[in-house]
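# Topology and contacts: notes
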Amino acid sequence: MYETNWKIVDKDQSIDDFDSVEAIIEKILMNKGITTKEEREEFLSLKPKKTYDPFLLKNMKEIVEIIITYIKEKKSIWIYGDYDVDGISSISLLMDFLSNFTENLHYYIPLREEEGYGLNCDAIREIKKKGAELIITVDCGSTSVEEVSLAKELGMEIIVTDHHNLSDIVPDCLILNPKQADCTYPFKLLCGCGIAFKLAQAIQKRTGAPKKVLSQVLDLVALATVADVVPLVDENRTLLKYGLKKINNPTRLGLKYLIEAVRLGDKNITAGHIGFVLGPHFNASGRIDDARAGVELLLSKERNKIQRLVKHLVTCNDERKEIQEKGLEICKNKVESYYKDDLFLVVDSEGTHEGVIGIVAGRIRDNYYKPTLVVTASHEEGILKGSGRSIDDLDIYEEMKKCKDLFIKFGGHKNACGFSIEKSKLDLLRKRLNEEAFKIKKERPNTFIKTVKIECELKPSQITEELVDTLEKIEPYGMGNEKPHFLVRKIKVENDEEKVVMGKNKEHLRLKGLSEIYQDSTRVSAVGFGLAESYVKGMNCPEIVDIVGFPNVNEWNGYKNMQLMIKDVKEYGTNFFE
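This report concerns the structure included in the present document.

Throughout the structure, instances matching the rule amount to 32 salt bridges. One salt bridge in this structure joins Arg252 and Asp96, with 3.0 Å as the shortest N-O distance. Residue Arg252 is found in the loop between α11 (234-248) and α12 (253-261), and its partner Asp96 is found in helix α4 (residues 85-98); the two are separated by 156 residues along the sequence. Side by side, Arg252 and Asp96 carry an identical accessibility label, which is buried. One salt bridge connects Lys321 with Asp318, and the closest N-O pair in it is separated by 4.0 Å. Linking Lys321 with Asp318, this pair stays in helix α15 (residues 303-339), spanning 3 residues, or about one helical turn. Taking relative accessible area as the criterion, Lys321 reaches 40% and is therefore assigned partly exposed. Note on Asp318: relative accessible area 43%, which makes it partly exposed. Here the salt bridges do not stand alone but share partners, grouping Glu399, Lys402, Glu436 and Lys439 into one network.

Right, dumping it as structure tokens:
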């Protein structure tokens, strides 16, 4: 287990300052920088209004006119997207939306293993052979200089819509991406599907089409916004809230059937359900098989076809989990054997399916709290495909950019990246990334120490159902709007070593006890998933602990009890607060 620092946002405030649920909620919002009455109302509103004119995006007016012209002239339009949830959702959104205006509409998703991420020249040629006259990319294309040039040489118009970082040299075509240096759009952090939605919004405004053509695709925006792990703030929060309403009152049969198949039919679907249950099923189709299954599921209206596709996605996801666990074990063993002292982990997963290496990289990153690259063999001899995940205060895209001379291809953003590299250059990449990482550690030592943010300290009696209910107003939680965590101090653990563990493999932690620091007779009950080994072996079962966690109502067999979902736990007296 890695080292953590606990950071109380405002150490000078007393626990007595939070004597009501309202005071706790106001504190959380203040910590998020939400200070005015208007900002609070917007943040907590069930019907938020924070959104922006799509025509503020650079090139939007010209792009809309081109698309409308192609629609009017009944020309062949192709949507080209990525094979992850964002790409699948983006393609589905434009296919769904543009079908209101034209029937001459097609899409293309590359096969992950054979073609890799983004535009590729062979696909461009194939699309041309099939009669394409306009290509609109979604969730890709910002660095595809050669591919865009080829499309134009072949006589096709091409428009790039994307949210990824641009390189120094940009494709010679109209680009819709708020990260362009001279784009004045106020919010830069939309996902690819969010950009596709803004395009649809602009076309709807320009044509005067009914607004229902937009509302019917908000479920897709919600799916992608959560799955692509963009910050759930500002316009993303607005789009997600309306999208969740759409998902919880589903009219899209494919999504409805999938929700029922994964046993969420009786649940209020949250961002957590998208991130940990629904999203992985769509991702699995692109990771293990063909991402077109995800698009077909989202677009189809035929019940028998939908049922077959749902079954296929569930099977793919089960297979994905099995492959992932094997790959994770290989990588963990390699880290423990060879790279434990490295600050930047670069691990060869020995042929693990490239569809899961990004997930494995994330799991390794979480286990060691170090930026991590995981590579695997590609279908080309001597070439490795790689995927990376970063830690909070290290921009992995910028670090990889320093090594761009080593890559055949690479792209990404602050938190994640993808690349291909000659196998012979992998050791050099590891060496250079680690040299940079050690420089960063020398300059900023806390970069490689996980900071656990604490909103405020609570007494056990303040962990109530009322608090849990009120905290729901701050949802949806995710990147940029993380769950608020609270500190409860000096809990004397009552359960013995055997009773602190639970689960099939005794991997989870369960703590119960009274606090010895407050005049408070409320017993604390706390659960930490996956934390048993750290507590029992790493900490040797301390008798008195401090707990950081999130309050939750546990319902079982008709009974309710309050519990803390443990984020982190330390022996009392060993805490270091920033």
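Still more to cover.
The 5 strands lie next to each other as β3-β2-β4-β5-β6, forming an open sheet whose pairing is parallel. Edge strands, defined here as strands with exactly one partner in the open sheet, are β3 (105-108) and β6 (174-176). Geometrically, the sheet is characterised by an average inter-axis angle of 20° between neighbouring strands, direction not taken into account. Where strand β2 (residues 77-81) and β3 come together, 4 bridges link them in parallel fashion. Opposite Ile77, over in β3, you have Leu105 as the bridge partner.

Enumeration according to the criterion identifies 8 aromatic pairs in this entry. Ring plane angle 25° and centroid distance 5.3 Å describe the contact between Tyr80 and Tyr108, whose orientation is recorded as stacked. With a gap of 28 residues between them, Tyr80 in strand β2 and Tyr108 in strand β3 connect regions that are remote in the sequence. Neither Tyr80 nor Tyr108 differs from the other in exposure class; each is buried. Relative to Phe550, the ring of Tyr477 lies with its centre 5.8 Å away and its plane at 80°, an arrangement referred to as edge-to-face. In this pair, Tyr477 sits in the loop between α19 (465-471) and β14 (486-493) while Phe550 sits in strand β18 (residues 544-556), placing the two residues 73 residues apart along the sequence. Like Phe550, Tyr477 is buried.

Look at helix α6 (residues 121-129) against helix α7 (residues 145-153): their axes get within 9 Å of each other, and the N-to-C directions meet at 20°. Classed by the angle they form, the pair α6 and α7 counts as roughly parallel. Pair α6 / α7 crosses with right-handed handedness. Residues Cys121, Ile124 and Arg125 of α6 touch α7, and the partners they reach there are Glu146, Glu147, Leu150 and Ala151. A per-class count over the contact of α6 with α7 returns 4 nonpolar, no polar and 3 charged.

How each quantity is defined
Residues numbered from 1 in each chain as written. Predicted model: local features only at pLDDT ≥ 70, side-chain atom pairs only at ≥ 80, totals over all residues. Heavy atoms only, no water. Salt bridge = Lys/Arg side-chain N within 4 Å of Asp/Glu carboxyl O. Helix = DSSP H or I, 4+ residues; strand = E, 2+ residues; numbered from the N terminus. Buried < 20%, exposed > 50% of the residue type's maximum accessible area, 1.4 Å probe, protein only. Pairing = 2+ DSSP bridges. Axes fitted to C-alpha atoms, helices over the stretch in contact; angles between N-to-C directions. Phe/Tyr/Trp six-rings, centres within 6.5 Å; stacked < 30°, edge-to-face > 60°. Parallel < 35°, antiparallel > 145°, perpendicular 65-115°, else oblique. Left-handed = near helix turned anticlockwise from the far one by under 90°. Contact = heavy atoms within 4.5 Å. Nonpolar A, V, L, I, M, F, W, Y, C, P; charged D, E, K, R; others polar.

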